[in-house]
Amino acid sequence: MPMSFAGHSRRNKYMMIIGMLGLVLCFSSEYLLRLLVMPESAASNLIRSTAASNSTSSFPTFVIVCGHGETDTVKEMQPLLKSMILLASNPIQLVFVTDLKGAKSIARNVIPRLKQRRTHIHHIDIQTVASFRDGEEYADNIHLDLNNSHHSGNWGMLKVFLPWMLHEYDQFIVLDTDLIFVQDPILLWMEFRKLTNQQYYSMPLLQFNEAANMCSCVVLMQSKKIRESNIYPDLFLEALETAKPSYFVEELGKYRPHHGDQGIYYNLFKRHRDLVLDLDEKWNRDRCHLFNGAFEGEEAGWFFQKRKKEAGILHRNCDFLSGREG
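Remember, it's a predicted structure, so these values are computed and weren't measured experimentally.

About the criteria used
- Residues numbered from 1 in each chain as written.
- Predicted model: local features only at pLDDT ≥ 70, side-chain atom pairs only at ≥ 80, totals over all residues.
- Heavy atoms only, no water.
- Helix = DSSP H or I, 4+ residues; strand = E, 2+ residues; numbered from the N terminus.
- Buried < 20%, exposed > 50% of the residue type's maximum accessible area, 1.4 Å probe, protein only.
- Polar contact = N/O pair within 3.5 Å; in protein donor to acceptor, adjacent residues only side chain to side chain.
- Contact = heavy atoms within 4.5 Å.
- Core = buried A, V, L, I, M, F, W, Y, C linked by side-chain atoms within 4.5 Å.

Take the side chain of Ser-216 next. Tracing the backbone shows Ser-216 in the loop between strand S6 (201-203) and strand S7 (218-221). A residue is classified by how much of its surface remains accessible, and Ser-216, at 4% relative accessible area, is buried. In terms of polar contacts, Ser-216 uses its side chain to reach the side chain of Asp-261, at 2.9 Å. The residues touching Ser-216, leaving out its near neighbours within four places in the chain, are Lys-159, Asp-176, Met-203, Asp-261, Gln-262 and Tyr-265.

Trans is the prevailing form of peptide bonds, just as negative phi is the prevailing case for residues other than glycine. Of note, the amide linkage connecting Tyr-232 to Pro-233 takes the cis form, showing an omega dihedral of 0°. Relative to the helices and strands, Pro-233 is located in helix H10 (residues 231-241). With a phi angle near 50°, Phe-208 is a residue other than glycine that sits in the positive phi range. Position of Phe-208 relative to the elements: it lies in the loop between S6 and S7. Given a relative accessible area of 18%, Phe-208 falls into the buried group. Residues other than glycine seldom take positive phi values, yet His-259 does so here, at roughly 60°. Within the element layout of this structure, His-259 appears in the loop between strand S9 (254-255) and helix H11 (261-271).

All right, on to the nonpolar core then. Among soluble globular proteins, nonpolar side chains are generally buried collectively. Ranked by size, the top nonpolar core spans 47 residues in total, and within it Leu-144, Phe-161, Leu-162, Tyr-201, Ile-231, Phe-236 and Phe-269 carry the most contacts. Broken down by element, this core gets its largest block of residues, six residues, from H10. In this structure Phe-161 touches Gly-135, Tyr-138, Ala-139, Ile-142, Leu-144, Leu-146, Tyr-232 and Phe-236, once residues within four positions along its chain are discounted. By size, the runner-up hydrophobic cluster in this structure holds 34 residues, among which are Val-74, Met-77, Ala-88 and Leu-220.

Written out as structure tokens, the structure reads:
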């Protein structure tokens with residue numbers, strides 16, 4: 001019996017998807033992997049390894065903060081790494097911001113697997129940094145308590161200082177560890193083209209009516225422009241001082257923002273909305289919001305699902321939280 005038009009159409013969709021995956025797997029490119037280690041002590045000095053230093057600023061750079069807190073984020077990020085390696089159509093660079101325990105785990109469990117599985121990572125550049133000019137010093141200058149009540153703790157809060165910690169980069173994308181790419185990461189990198197000269201950040205703002213209803217899980221940072229501006233310390237301090245209700249904790253003599261770094265970003269962008277571009281929601285289809293309808297399809301099949309809303313990243317947040325905090 002001849003195959004129907006619908007059958008041909010569905011088969012063509014399957015073949016197109018399988019073909020695209022094949023092209024990605026066969027693509028030969030160079031991936032640069034850098035390992036950055038958070039200090040055990042704020043007093044430690046900057047120490048670099050003897051590994052050859054490569055000029056990597058031209059590579060799309062993705063920064064992953066993966067320290068140890070309530071969650072073993074080195075283990076948690078492995079689906080993220082697999083999805084990036086599988087789907088990236090061009091060379092990328094990965095920067096891990098971690099502690100010494102995380103660095104050992106990455107060296108022992110992550111890098112060998114990348115080599116053994118013969119992925120299209122051609123070169124691995126490991127650079128060990130024992131201090132990032134001390135993130136604690138940045139926090140002290142604006143009276144910020146790093147050990148805040150958000151589940152990500154000081155790791156989540158330190159993300160706001162990355163442009164100054166990673167001073168050799170002009171721009172990069174900061175990723176949470178509980179993400180999975182379902183589209184090419186290079187497409188996310190291309191979102192930089194949408195930023196104007198006045199826009200230094202891009203992230204999912206969602207409703208943008210409180211700190212909990214935006215997400216710093218995916219943040220595009222024009223880090224060179226940020227460093228050259230008065231965002232730190234002036235605008236960060238302004239955001240902390242003007243927050244309502246107040247973030248100031250009398251017993252500590254410091255500010256403790258709600259929802260970690262999102263508390264700073266929310267108050268910063270509320271007063272300076274021109275600094276941020278609202279990132280397309282497809283780059284944060286998150287569990288807190290039931291993936292924003294990404295899995296509500298009109299038609300479903302073995303391999304193809306017609307979706308009402310496009311997804312670029314799935315965010316596996318709210319796994320263990322009673323509230324809607326990511």
